[in-house]
Amino acid sequence: MTRRDVVRAYYAAIDDGDDGRLRDCLAPEFVHYRPDRTLDGRERFVEFMATERPRTDTEHALSEVCVGSEDETGTTTVFARGRLRSLDGDDLFGFVDVHRVGERIESLTTYTD
């Protein structure tokens, strides 16, 4: 699986509510940096997505997924841009996610409009 595929699988797992697939996309030391909080650790992030996020009736409509060069540590930056939408089609907000990906997603920084 390419690093682009890992990032696309991450969004599909969230949209499908598949905690096992989401866990498989993330490194154990995964950290998510968001404007409102930091979620530290794969298990903490999966728990948040499963039971604490404000809305689960959403989908990520990706417009771009761009892959950078691999750095000296073997990690690649993958940028994803899109819109979060409700399942009934309402546009909620735009986002740019910056993923740091080795074999799995090691960290993610989210920027929203």
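Heads up: the structure comes first, above all this text.
**Q** Before we move on, can you summarise the sheet that holds strand E5 (residues 91-101) with the specific residues and values?
**A** One open sheet holds the 6 strands; their spatial order is E2-E1-E6-E5-E4-E3, and the pairing between them is mixed. Whereas interior strands pair on both sides, the edge strands pair on one side only; in this sheet they are strand E2 (38-40) and strand E3 (58-70). Across the sheet, the axes of successive neighbouring strands diverge by a mean angle of 20 degrees, strand direction being ignored. With 7 bridges connecting them, E5 and strand E6 (residues 105-112) associate as antiparallel partners.

**Q** Go over the side chain of Asp-97, please, and point to the residues and values.
**A** Relative to the helices and strands, Asp-97 resides in strand E5. Of the side chains with opposite charge, Arg-34 comes closest to the buried, unpaired Asp-97, at an N-O distance of 8.9 Å. In this structure the side chain of Asp-97 is engaged in a polar contact, spanning 2.6 Å, whose partner is the side chain of Tyr-11. Not counting residues within four places of it along the chain, the set of residues in contact with Asp-97 comprises Tyr-11, Val-78, Phe-79, Ala-80, Leu-108, Thr-109, Thr-110 and Tyr-111.

**Q** Can you explain the packing of aromatic side chains? Please cite residues and give values.
**A** One pair of aromatic rings is described through two measures. These are the centre distance and the angle between the planes. If you walk through the whole model with that rule in mind, you get 4 aromatic pairs. Look at Tyr-10 and Tyr-11: their rings are 4.8 Å apart centre to centre, the planes differ by 80 degrees, and that puts the pair in the edge-to-face class. By the burial criterion, Tyr-10 is buried, and Tyr-11 matches it. Joined through ring pairs, the aromatic side chains of Tyr-10, Tyr-11, Phe-30, Phe-45 and Phe-95 make up one cluster.

**Q** Can you explain helix H1 (residues 3-16)? Please cite residues and give values.
**A** Between its terminal C-alpha atoms H1 stretches 20 Å, which fits the 20 Å expected from 14 residues at 1.5 Å a residue. Restricting attention to buried positions, one finds in H1 the residues Val-6, Val-7, Tyr-10, Tyr-11, Ala-13 and Ile-14. Seen along its axis, H1 keeps its buried residues to an arc of 160 degrees; they face one direction. Just beyond H1, the residue with positive phi is Gly-17, at close to 65 degrees.

**Q** Explain the pattern of salt bridges to me, and be specific about the residues and the numbers.
**A** Tallying each qualifying case throughout the model produces 13 salt bridges. Residue Asp-57 is joined to Arg-55 by a salt bridge in which the shortest nitrogen-to-oxygen separation is 2.9 Å. Given the relative accessible area of 32%, Asp-57 is considered partly exposed. The salt bridge partner of Asp-91 is Arg-83, with a shortest N-O separation of 2.7 Å. Residue class for Asp-91 comes out partly exposed when judged on its relative accessible area of 43%. Judged by its relative accessible area of 27%, Arg-83 is partly exposed. Salt bridges sharing partners connect three or more residues here, namely Asp-16, Asp-18 and Arg-21.

Cut-offs and rules
Residues numbered from 1 in each chain as written. Predicted model: local features only at pLDDT ≥ 70, side-chain atom pairs only at ≥ 80, totals over all residues. Heavy atoms only, no water. Pairing = 2+ DSSP bridges. Helix = DSSP H or I, 4+ residues; strand = E, 2+ residues; numbered from the N terminus. Axes fitted to C-alpha atoms, helices over the stretch in contact; angles between N-to-C directions. Buried < 20%, exposed > 50% of the residue type's maximum accessible area, 1.4 Å probe, protein only. Lys, Arg positive; Asp, Glu negative; His and termini not counted. Salt bridge = Lys/Arg side-chain N within 4 Å of Asp/Glu carboxyl O. Polar contact = N/O pair within 3.5 Å; in protein donor to acceptor, adjacent residues only side chain to side chain. Contact = heavy atoms within 4.5 Å. Phe/Tyr/Trp six-rings, centres within 6.5 Å; stacked < 30°, edge-to-face > 60°. Expected span 1.5 Å × (residues − 1). Arc of directions from axis to C-beta.

Note that every value here comes from positions in space, so none of it alone points to a role or purpose.
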